[in-house]
Amino acid sequence: EEQMGKIKAAISVGFPGTDGCFEIPRLLTGEVTPSGHLADTWVYDMTKDPTYQNQGYNGAADGNTYGAPYVHYDEDIYLGYRYYETAYAEAQAGNYANFDYDGVVAYPFGYGLSYTTFSWTLENAEELPATLSEDTQFTVEVNVKNTGAEYSGRDVVELYVTPPYNQGEIEKSAKVLVGFAKTDILEPGEDQTVSITVDSPYAFASYDCYDKNGNGFKGYELEAGDYTFTLSTDAHNAKDMANATFKANVASDIRYE
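Here is what the cut-offs are and how they apply
- Residues numbered from 1 in each chain as written.
- Predicted model: local features only at pLDDT ≥ 70, side-chain atom pairs only at ≥ 80, totals over all residues.
- Heavy atoms only, no water.
- Patch = residues over 30% accessible without salt bridge, like charges linked within 9 Å, V, L, I, M, F, W, Y side chains within 5 Å.
- Areas by Shrake-Rupley, 256 points an atom, 1.4 Å probe, with all protein chains shown as cover.
- Salt bridge = Lys/Arg side-chain N within 4 Å of Asp/Glu carboxyl O.
- Lys, Arg positive; Asp, Glu negative; His and termini not counted.
- Charge placed at Lys NZ, Arg CZ, Asp CG, Glu CD.
- Helix = DSSP H or I, 4+ residues; strand = E, 2+ residues; numbered from the N terminus.
- Buried < 20%, exposed > 50% of the residue type's maximum accessible area, 1.4 Å probe, protein only.
- Pairing = 2+ DSSP bridges.
- Polar contact = N/O pair within 3.5 Å; in protein donor to acceptor, adjacent residues only side chain to side chain.
- Core = buried A, V, L, I, M, F, W, Y, C linked by side-chain atoms within 4.5 Å.

K.L.:
For a negative patch on the surface, give the residues involved together with the corresponding values.
P.N.:
There is a patch of like negative charges on the surface, built from Glu-123, Asp-184, Glu-187, Glu-190 and Asp-191. Tracing the chain through its elements places Glu-187 in the loop between strand S6 (176–182) and strand S7 (191–198). Judged by relative accessible area, Glu-187 falls into the partly exposed class, the value being 43%.

Structure representation (C-alpha cells):
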C-alpha cells in the first residue's frame, strides 16, 4: 500500500499481440502521442452497475435466486454509456435521486488522452439542416487544429444526438453516438478538416414494439420534436467550442416501415 501511493500514473495494456509491447516505451517517452479513445464506459465499481445484479448469483441478496448461475436481461436499451448518460440526464431533471455520475464513472465512453491539445471549428454550421425528413442526409465538417507547441498527435471528433423524450413512453437514451472521425497525425500548428456523414435519421430512430407513444404504430420511428446534436470529446463532455451543439426538428412522427 505504501508503494502504491507513490504511483502517479499507470498504463493499462490489454492483448498487445506479438509486437504491441514494443510500442509501450514509445508512448511513455513521448515519441508517439496516444490517440486511442475508450470503446466502453469505465466505472469505479462494477458491482454498482445495474447489470451486475442480473448475472450469476450476484443478485441473490435481492431475491434473484434461480438455483443456478443465470443471466437475466432487465436493462432494455440502457447498457454501457446509454445507461450512465441517461441516468445523469434523469438525475439533472430530478427524476433519479442519489445518482452521482462523477462518483460512479471514472472515464466515459469515447474518452481519450493526448500529449498535445486541439481546437475545433464547425465549418459548415449554416449548411446543416434545420428540419429532418425520413431520408435527410447531412455532413458535419469540423476543422481540427493542433494547438500544442511540442508534440504531434491525432484527435477524434465524436457526434452524439439527444432525442426528444416523453416520460413513460418510448425508451430512449439521452445520448446516441451517430458518428465520429479521426484526424491524421497533425504537427504543432497544423490543421485538418474531418467529416462525419449521417446517412439517414434512421441511424437514431427508436424501436417502439409496444406502441408506447400510442400513435398506432409498432416499429422503428422518429418522434416529432427537437433533436440536439453535440460535438463531443466523449459521451459526457461537449467540446469547448462555438456551435458545439445544434438542433434539427422533426415536424411529425416518421415511421420506418
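K.L.:
Quick rundown of the pairing of strand S9 (residues 219–222)? Include the residues and the values.
P.N.:
Bridge count between strand S8 (residues 206–208) and S9: 3 bridges; the pairing is antiparallel. Bridge pairing in S9 links Ser-206 to Glu-221. The pairing of S9 with strand S12 (residues 254–256) spans 3 bridges and is antiparallel. Residue pairing for S12: Tyr-220 is matched across the bridge by Tyr-256.

K.L.:
Give me the lowdown on unusual backbone geometry, citing residues and values where you can.
P.N.:
Positive phi is not limited to glycine here, since Asn-98 has a value of about 70°. Of note, Asp-211 is a non-glycine position whose phi angle comes to about 50°, a positive value. As for its placement among the helices and strands, Asp-211 is situated in the loop between S8 and S9.

K.L.:
Give a description of the side chain of Asn-124 that names residues and reports values.
P.N.:
Checked against the element boundaries, Asn-124 lands in the loop between strand S3 (118–122) and strand S4 (138–146). Classification of Asn-124 by relative accessible area gives buried; the value is 5%. In this structure the side chain of Asn-124 is engaged in a polar contact, spanning 2.7 Å, whose partner is the backbone oxygen of Thr-139.

K.L.:
If you had to explain the nonpolar core to someone new, which residues and values would you point to?
P.N.:
With 32 residues, the main nonpolar core has Val-140, Val-142, Leu-159, Phe-204, Phe-229 and Leu-231 as its most contacted residues. At the level of elements, S3, S4, strand S5 (156–162), S6, S7, strand S10 (225–232), strand S11 (245–250) and S12 are the ones that each hand at least two residues to this core. The biggest single contributor to this core is S4, with 4 residues.

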